[in-house]
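# Summary of the model geometry
Given next are the chains, with one letter for each unit.
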Amino acid sequence: MWYAIISEDVENSLEKRKSARPEHLARLNRLKDEGRLLIAGPCPAVDSEDPGAAGFTGSLVVAEFPSLEEARAWADADPYMAAGVYASVTVKPYKLVLP
């Protein structure tokens, strides 16, 4: 089943994001290579493709996992969690309808 992983950043998370980004992306690329990643990306803090120093307010990942528990465990092991980027993470089932 698909799961939405919705993360909210702490204030001024940009430097923390930068330091943990390579490991964060490596995990997402593993999901992609396994055919289990639907979408992933950050939410800019301002209305811009490149928010610059404004940084980001959170992230969205929609990926396939065998269970909600496994999706939560994957989210909990994110390098952004260990780096203190995320203030909170919500994981919930997601039903793909379109396209």
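Reference entry: report on the structure contained in this document. (Residues numbered from 1 in each chain as written. Predicted model: local features only at pLDDT ≥ 70, side-chain atom pairs only at ≥ 80, totals over all residues. Heavy atoms only, no water.)

For the rest of this paragraph, the subject is the sheet that holds strand S3 (residues 56–64). Paired through their backbone hydrogen bonds, the strands of a sheet run either parallel or antiparallel. One open sheet accounts for 4 strands, arranged S2-S3-S1-S4; its pairing is antiparallel. In the strand order of this sheet, the two ends are held by strand S2 (37–44) and strand S4 (86–94), each with one partner. On average, each strand axis in the sheet is tilted by 10° relative to the strand beside it, whichever way the strands run. On top of the sheet, helix H1 (residues 14–33) reaches strand S1 (2–9), S2, S3 and S4; it is set at about 10° to S3, its chief contact. Against the sheet, helix H2 (residues 68–76) touches S1, S3 and S4, its axis set at about 155° to S4. (Pairing = 2+ DSSP bridges. Helix = DSSP H or I, 4+ residues; strand = E, 2+ residues; numbered from the N terminus. Axes fitted to C-alpha atoms, helices over the stretch in contact; angles between N-to-C directions. Contact = heavy atoms within 4.5 Å.)

This next bit is on the environment of Tyr86. The topology assignment puts Tyr86 in strand S4. Taking the relative accessible area as the measure of exposure, Tyr86 reaches 10% and is therefore buried. A C-alpha to C-alpha distance of 4.3 Å links Tyr86 and Asp9, two positions 77 residues apart in sequence. Leaving out residues up to four positions away in the same chain, Tyr86 has contacts with Ser7, Glu8, Asp9, Val10, Arg17, His24, Ser59, Asp78, Tyr80 and Met81. A polar atom in the side chain of Tyr86 sits 3.1 Å from the side chain of Ser59. (Buried < 20%, exposed > 50% of the residue type's maximum accessible area, 1.4 Å probe, protein only. Polar contact = N/O pair within 3.5 Å; in protein donor to acceptor, adjacent residues only side chain to side chain.)

In this section: the packing of aromatic side chains. Under the definition given, this model contains 3 aromatic pairs. Here Tyr3 and Phe65 contribute two aromatic rings whose centre-to-centre distance is 6.5 Å and whose plane-to-plane angle is 55°, an arrangement assigned as tilted. Taken together, the residues span a long stretch of sequence, with Tyr3 in strand S1 and Phe65 in the loop between S3 and H2 at a distance of 62 residues. With respect to class, Tyr3 is no different from Phe65; both count as buried. Relative to Tyr86, the ring of Tyr80 has its centre 5.6 Å away and its plane inclined at 80°; by these criteria the two rings are edge-to-face. Feature note: the residues Tyr3, Phe65 and Trp74 constitute an aromatic cluster, connected by ring pairs. Geometry around Trp74 places Arg27 over its ring, the cationic atom sitting 4.1 Å from the centre. (Phe/Tyr/Trp six-rings, centres within 6.5 Å; stacked < 30°, edge-to-face > 60°. Lys NZ or Arg CZ within 6 Å of the ring centre and 35° of its normal.)

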